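# Descriptive analysis of the structure
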Amino acid sequence: MTVAPLVSVITPSFQAQHYIEKTIETVQRQTYQNWEMLIADDGSTDNTRSLIICAAERDERIHPIFLSENGGAYRARNAALHQAKGRYVAYLDADDLWAPDKLEKQVRFMMEKGYAFSCVSYQVISDEGKPLNKIVRMKPCLDYQGFLLNNLIQTVGVMTDRELIPARLLEMPSLRRRQDAATWMQILKGGFPCYGMEEPLAFYRRAKASLSSNKWGSVTGTWKLYRSVEGLPFYYACRCFIRYSVLAVWKRIYLPDWIYRSRR
């Protein structure tokens, strides 16, 4: 009988008291049960830490990591990654959610195909957890150039195989913004394409107070990623940036219920 490989769920948290319990529950409700959840709290001053402690006391698979001061999501994710024991690594931010069979289907997808890097499609939900009638579907396969021009990989849907991808490629660079995208780029440049699952198995929360909801910061962070981090030529960076901007607008256009239901 084949033993199900351990999945390490990496969750950075900061001032997440309104979301963290639901996020923990979405992992506990997974049909795939061989997981550990490493929650790296990045210096929260609200009730987040006490909620994490209570959850860990009730479930030994939950491992809190408390950082002394706020250093950014890259630092929290890397701290969790260094303590992870699983073959597979799945990323889940403190305000996002998964479908109950997300891990089961994604692990099977990767094991059967021998894939090192994958991402599921996802639905967008509001700050209150209500569907916003937007599904972002992954392409079957994205390489580095494909990601630059499509910008579809979302952290909530990502899973990587640490037996296939070198540890140095999974280490997130020290960027305050877009450190996750920079990580996916270095994995792609390392020769590991991202294989997409069409079924939406994750829920990305469009939280009002999130760092990514700061539009100007997101714009400047993306331009810095293209030019300073990736070193793209100016005109190609402009092309990628325009594509990014168009997709960013599309991701925020939500259909009325009656139209959305008629398209399903």
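Here, every reference points to the structure presented above.
Here is a short report on the structure shown in this document.

Okay, the packing of aromatic side chains next. According to the stated counting rule, one finds 9 aromatic pairs in the structure shown. Taken together, a centroid distance of 5.9 Å and an interplanar angle of 70 degrees make the contact between Tyr-122 and Tyr-204 edge-to-face. Residue Tyr-122 is located in strand E6 (residues 117–125), and its partner Tyr-204 is located in strand E10 (residues 194–205); the two are separated by 82 residues in the primary sequence. Per residue, the accessibility class of Tyr-122 equals that of Tyr-204, and both read buried. Among the aromatic residues, those joined into a cluster by ring pairs are Trp-223, Phe-234, Tyr-235, Phe-241 and Tyr-244. Sitting over the face of the ring of Trp-98, Lys-102 holds its NZ or CZ atom 4.2 Å from the ring centroid. The residue whose ring lies beneath Lys-134 is Trp-250, and the NZ or CZ to ring-centre distance is 3.9 Å.

Moving on, we get to the pairing of strand E7 (residues 131–136). Within a regular strand, side chains alternate between the sheet's two faces. Taken together, the 3 bridges between E6 and E7 define a ladder with antiparallel strand orientation. Bridging from a neighbouring strand, Ile-125 pairs with Pro-131 of E7. Two successive antiparallel strands, E6 and E7, enclose a turn made up of 5 residues, where Gly-129 displays a positive phi of approximately 90 degrees.

On to the nonpolar core. Val-7, Met-37, Trp-98, Phe-117, Ile-153, Trp-184 and Tyr-226 are the most contacted members of the largest nonpolar core, which has 80 residues in total. Counting residues per element, this core draws most heavily on helix H7 (residues 179–189), at 6 residues. Not counting the four nearest positions on each side in its chain, Tyr-226 is found in contact with Leu-148, Met-185, Gly-231, Leu-232, Ala-237, Cys-240, Phe-241 and Tyr-244.

For the rest of this paragraph, the subject is helix H9 (residues 234–251). The terminal C-alpha atoms of H9, which comprises 18 residues, lie 25 Å apart, in line with the 26 Å expected from a rise of 1.5 Å per residue. Ala-237, Cys-240, Phe-241, Tyr-244, Leu-247, Ala-248 and Lys-251 are the residues of H9 that are buried. Relative to the axis of H9, the buried residues are bounded by an arc of 130 degrees and lie together on one face. Looking at H9, the residues exposed on the side facing more than 90 degrees away from the buried face are Tyr-235, Ile-242, Val-246 and Val-249.

Below, the discussion takes up the state of the cysteines. Per the counting criterion, the structure on display carries 0 disulfides. Unpaired in terms of disulfides, Cys-240 finds its nearest cysteine sulfur in Cys-238, a separation of 9.4 Å. The class for Cys-240 is buried, based on a relative accessible area of 0%.

This part takes up the pattern of salt bridges. Opposite charge on two side chains permits them to pair, given that their charged atoms come into close proximity. Taken as a whole and judged by the stated rule, the model has 11 salt bridges. When the shortest N-O distance is used, the salt bridge between Glu-199 and Lys-105 registers 3.0 Å. Taken as a pair, Glu-199 in strand E10 and Lys-105 in helix H4 (residues 102–113) lie far apart in primary sequence, 94 residues in all. When its relative accessible area of 38% is taken as the criterion, Glu-199 is described as partly exposed. Residue class for Lys-105 comes out partly exposed when judged on its relative accessible area of 23%. Connected via shared salt-bridge partners are Arg-87, Asp-161 and Glu-163.

Quick look at unusual backbone geometry now. For Gln-15, which is not a glycine, the phi torsion comes out positive at approximately 50 degrees. Within the secondary structure layout, Gln-15 lies in the loop between strand E1 (7–13) and helix H1 (20–28). Among the residues examined, Gln-15 registers a relative accessible area of 33% and is labelled partly exposed. The backbone of Asn-133 shows a phi angle near 60 degrees, a positive value even though the residue is not glycine. With respect to the helices and strands, the residue Asn-133 is situated in strand E7.

Rules used in this analysis
- Residues numbered from 1 in each chain as written.
- Predicted model: local features only at pLDDT ≥ 70, side-chain atom pairs only at ≥ 80, totals over all residues.
- Heavy atoms only, no water.
- Phe/Tyr/Trp six-rings, centres within 6.5 Å; stacked < 30°, edge-to-face > 60°.
- Helix = DSSP H or I, 4+ residues; strand = E, 2+ residues; numbered from the N terminus.
- Buried < 20%, exposed > 50% of the residue type's maximum accessible area, 1.4 Å probe, protein only.
- Lys NZ or Arg CZ within 6 Å of the ring centre and 35° of its normal.
- Pairing = 2+ DSSP bridges.
- Core = buried A, V, L, I, M, F, W, Y, C linked by side-chain atoms within 4.5 Å.
- Contact = heavy atoms within 4.5 Å.
- Expected span 1.5 Å × (residues − 1).
- Arc of directions from axis to C-beta.
- Disulfide = S-S within 2.5 Å.
- Salt bridge = Lys/Arg side-chain N within 4 Å of Asp/Glu carboxyl O.

Fair warning: the whole summary comes from geometry, so function is off the table for now.
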